[in-house]
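Per-entry structural report
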Amino acid sequence: MSANTDLIARSRRAVWHPATQMKTLDAALPLPIVRGDGPWLFDADGRRYLDAVSSWWVNLFGHRDAGIAAAIRAQLDRLEHVILAGCTHEPVVVLSERLSAATGGALGHAFDASDGASATEIAMKMSAHFWRNAGRAGKHRFVALAGGYHGETAGALGVTDVPLFRAAYEPLLHPAAVLPSPDARGAQPGETAETVAIRAAAALEQHLAAHADTTAALIVEPLVQCAGGMAMHHPRFLALARALCTAHDVHLICDEIAVGFGRTGTLFAHEQAGIRPDFLCLSKGITGGFLPLSVVLSTDAIHDAFLGDGAARGFLHSHSYTGNPLACAAALAVLDRFAHDAVLTTNAAKAARFDAIAAPLAADPRVAHWRRTGMIWAFDVPAAPRGFGRTFAQAARDAGVLLVPLGRTVYFMPPYVIDDAEFTLMVVAARHALDRCFAST
Ligand SMILES: *Cc1c(COP(=O)(O)O)cnc(C)c1O
């Protein structure tokens, strides 16, 4: 028995894997990973795989980044954790200050949690509680976009529009109003992405005109709706949505859990629309994949609406690991990378070179809606045969690349440290995987 098969068998006996039908797990899964190095993962038998999805989009700088690891080690020698109710510490203070500064001071307060879904729930609770404190308790409903994803806890699922994730849990949810997505793929012949954005904003305007008095907030994934299929939209939608929310006294929650930290080409995606939200949810890449952490940034005006006598007016929410110093130290090391390494300009140059490398794949007749925003490439495979996702992932793995399609959408969301040769391998693996999927049809 190889080291791989032993770990696979034990994992399948003892571990309940996320987003996985355990019955149909194919024999080579789950992939037993024992080591990481930059964009590479190594299995127990010594085979290596290029992590083309940054391990669910968290490992911005690849695996075992030396700078982030050193920051965590240094923090380990001082303080690993302390309760954040009634205590504070340097890493959480500096992180909150630096994240606020990264929004130009527009979002002055940071509330910490440990994962993305909790960040969504915090923003939702804060928004509804804000309106209650403002004497408008009827404003507690939410507006979300078709195909949007904001996490899978019961509260976050209420604003998530991915039918597969919702169906079984429908009785547990408070469903949001779901409005048309500005997804640029919705363009009719002759229309531009901006036309689609304007049309989606018109639907939002109509909804808010009728329901603003019961609506707390609109939640959006700026520029790219990721889990719903890497649906990309024109920044005009965000600018219009910002104006509409302001006009109708509705908060704007930007969920940048996936797109934050340079993924779309700017530090935060909403910057490309020249706007600031009322709430900004961050997680995933915030620690470069080292430790679980999420942060919800909000305006000082929202924070101040919770000041008063009595606990009930204050924001009532906490997690045991809130503000964990090790996680904050990791996040500070990530911010250092952006401050000192010209990450955004390097990525822009890389992305342009990678576009050229990917040109043959983009021109493949099986590929539709080839698209890119920043360091996210995606395409659809409209004629995908049955079992496409599984066959594609397995074929890519056989070619040494970890690629996981979302339905009929294939995407690359590589660590920023990827080089030209590695990107080429990703493209070659994707073409090989397409060939395998279509060979049997
Ligand atoms: C991943 C994701 C979440 C949920 O984060 P978890 O840490 O998985 O709970 C929320 N919103 C978006 C946009 C995401 O991509």
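Computed from a predicted model, the values in this text were never measured in an experiment. (Residues numbered from 1 in each chain as written. Predicted model: local features only at pLDDT ≥ 70, side-chain atom pairs only at ≥ 80, totals over all residues. Heavy atoms only, no water.)

**So, the packing of aromatic side chains**
If you walk through the whole model with that rule in mind, you get 15 aromatic pairs. Ring geometry for Phe61 versus Phe338: centroids 5.9 Å apart, planes at 65°, classification edge-to-face. On the criterion of sequence distance, the pair formed by Phe61 in the loop between helix H2 (54-57) and helix H3 (66-76) and Phe338 in helix H11 (residues 325-340) is long-range, its members being 277 residues apart. Each member of the pair Phe61 and Phe338 is classed as buried. Centroid distance Phe261 to Phe338: 6.4 Å. Interplanar angle 50°. Geometry classified as tilted. On the criterion of sequence distance, the pair formed by Phe261 in the loop between strand S10 (251-255) and strand S11 (279-282) and Phe338 in helix H11 is long-range, its members being 77 residues apart. Take Phe261 and Phe338: they sit in the same class, and that class is buried. We note Arg35 situated over the ring of Phe42; from NZ or CZ to the ring centre the distance is 4.1 Å. Taking NZ or CZ as reference, Arg337 lies 4.2 Å from the ring centre of Phe61, over its face. (Phe/Tyr/Trp six-rings, centres within 6.5 Å; stacked < 30°, edge-to-face > 60°. Helix = DSSP H or I, 4+ residues; strand = E, 2+ residues; numbered from the N terminus. Buried < 20%, exposed > 50% of the residue type's maximum accessible area, 1.4 Å probe, protein only. Lys NZ or Arg CZ within 6 Å of the ring centre and 35° of its normal.)

**Points about unusual backbone geometry**
Although it is not a glycine, Ala19 adopts a positive phi angle of roughly 50°. Relative to the assigned elements, Ala19 resides in the loop between helix H1 (3-14) and strand S1 (33-37). We classify Ala19 as exposed; its relative accessible area is 73%. Here Ser54, not a glycine, exhibits a phi torsion of approximately 45°, which is positive. Along the polypeptide, Ser54 turns up in helix H2. Judged by its relative accessible area of 0%, Ser54 is buried.

**What about the pairing of strand S14 (residues 376-380)?**
Of all the 5 residues making up S14, 5 are buried; the element is thus mostly covered by neighbouring parts of the structure. Neither face of S14 is left uncovered, since the one carrying Ile376, Ala378 and Asp380 and the one carrying Trp377 and Phe379 both have all their residues buried. As judged from the 4 bridges shared by strand S13 (residues 368-373) and S14, these two strands associate in the antiparallel manner. In the strand pairing of S14, Thr373 is matched with Ile376. Linkage of S13 to S14, two consecutive antiparallel strands, is achieved through a turn of 2 residues, within which Gly374 is found at a positive phi near 55°. For S14 and strand S16 (residues 409-412), the ladder comprises 4 bridges, and the chain directions are antiparallel. Its bridge partner lying in S16, Ala378 is registered against Tyr411. (Pairing = 2+ DSSP bridges.)

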